[in-house]
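# What the coordinates show
Each chain, written out:
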Amino acid sequence: MAIHKILCCCGSGLGSSLIVHMNTEEVVKKLGHPEIEVDHSTISDIHEGAADLFVVGGDLADFVNNIPDDKKIVLKNILDKNELEEKLKAHLG
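Here's what I pulled together on the structure shown here. (Residues numbered from 1 in each chain as written. Predicted model: local features only at pLDDT ≥ 70, side-chain atom pairs only at ≥ 80, totals over all residues. Heavy atoms only, no water.)

### With respect to the overall build of the protein
Each helix and strand in the protein was counted, giving two helices and four strands. The linear arrangement of helices and strands in the protein, starting from the amino end, is β-α-β-β-β-α. Here the C-alpha atoms of the protein give a radius of gyration of 12 Å, agreeing with the 12 Å that 2.2 N^0.38 yields for 93 residues. In terms of its C-alpha atoms, the protein occupies a principal-axis envelope of roughly 30 × 25 × 20 Å. Burial analysis of the protein (93 residues in total) assigns 41% to the buried set. Put simply, 55% of the contacts in the protein that link residues at least 6 apart link residues at least 24 apart. By element, 51% of the accessible surface of the protein is carried by carbon and sulfur atoms, the whole surface being about 5100 Å². (Helix = DSSP H or I, 4+ residues; strand = E, 2+ residues; numbered from the N terminus. Rg over C-alpha atoms; globule rule 2.2 N^0.38 Å. Buried < 20%, exposed > 50% of the residue type's maximum accessible area, 1.4 Å probe, protein only. Contact = heavy atoms within 4.5 Å. Areas by Shrake-Rupley, 256 points an atom, 1.4 Å probe, with all protein chains shown as cover.)

Right, dumping it as structure tokens:
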């Protein structure tokens, strides 16, 4: 599955999702995929078709239960860029 859009989500769409958004953009470019669009929003925007890949913190794992595992990343630590990079590599190939 080709990934064209990644959506980073949190409860309000302003705090942690913005941090994860900025980190995700950085890691995606580092991995050689500048063409991938990265955005952030609220958990209410999590639904199949809104993005090719969703990234959320572990506290919001329940909100992505209906999303297939190959279309989501659940982070244990939203500030850990190494964890994010490792999980993005697995999805981007």
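### What to know about a nonpolar patch on the surface
A surface patch of nonpolar side chains, amounting to about 350 Å² of accessible area, comprises Leu18, Ile19, Met22 and Leu79. Among the structural elements, Leu79 can be located in the loop between strand E4 (72-75) and helix H2 (81-92). Take Leu79: its relative accessible area is 57%, and that puts it in the exposed class. (Patch = residues over 30% accessible without salt bridge, like charges linked within 9 Å, V, L, I, M, F, W, Y side chains within 5 Å. Salt bridge = Lys/Arg side-chain N within 4 Å of Asp/Glu carboxyl O.)

### Comments concerning the environment of Ile46
Mapped onto the fold, Ile46 is located in the loop between strand E2 (37-42) and strand E3 (53-57). You can call Ile46 buried: its relative accessible area is 9%. It is 9.9 Å that separates the C-alpha atoms of Ile46 and Cys10, two residues lying 36 residues apart in sequence. Apart from residues no more than four positions distant in its own chain, Ile46 is found in contact with Cys9, Phe54, Val56, Phe63, Val64 and Ile67.

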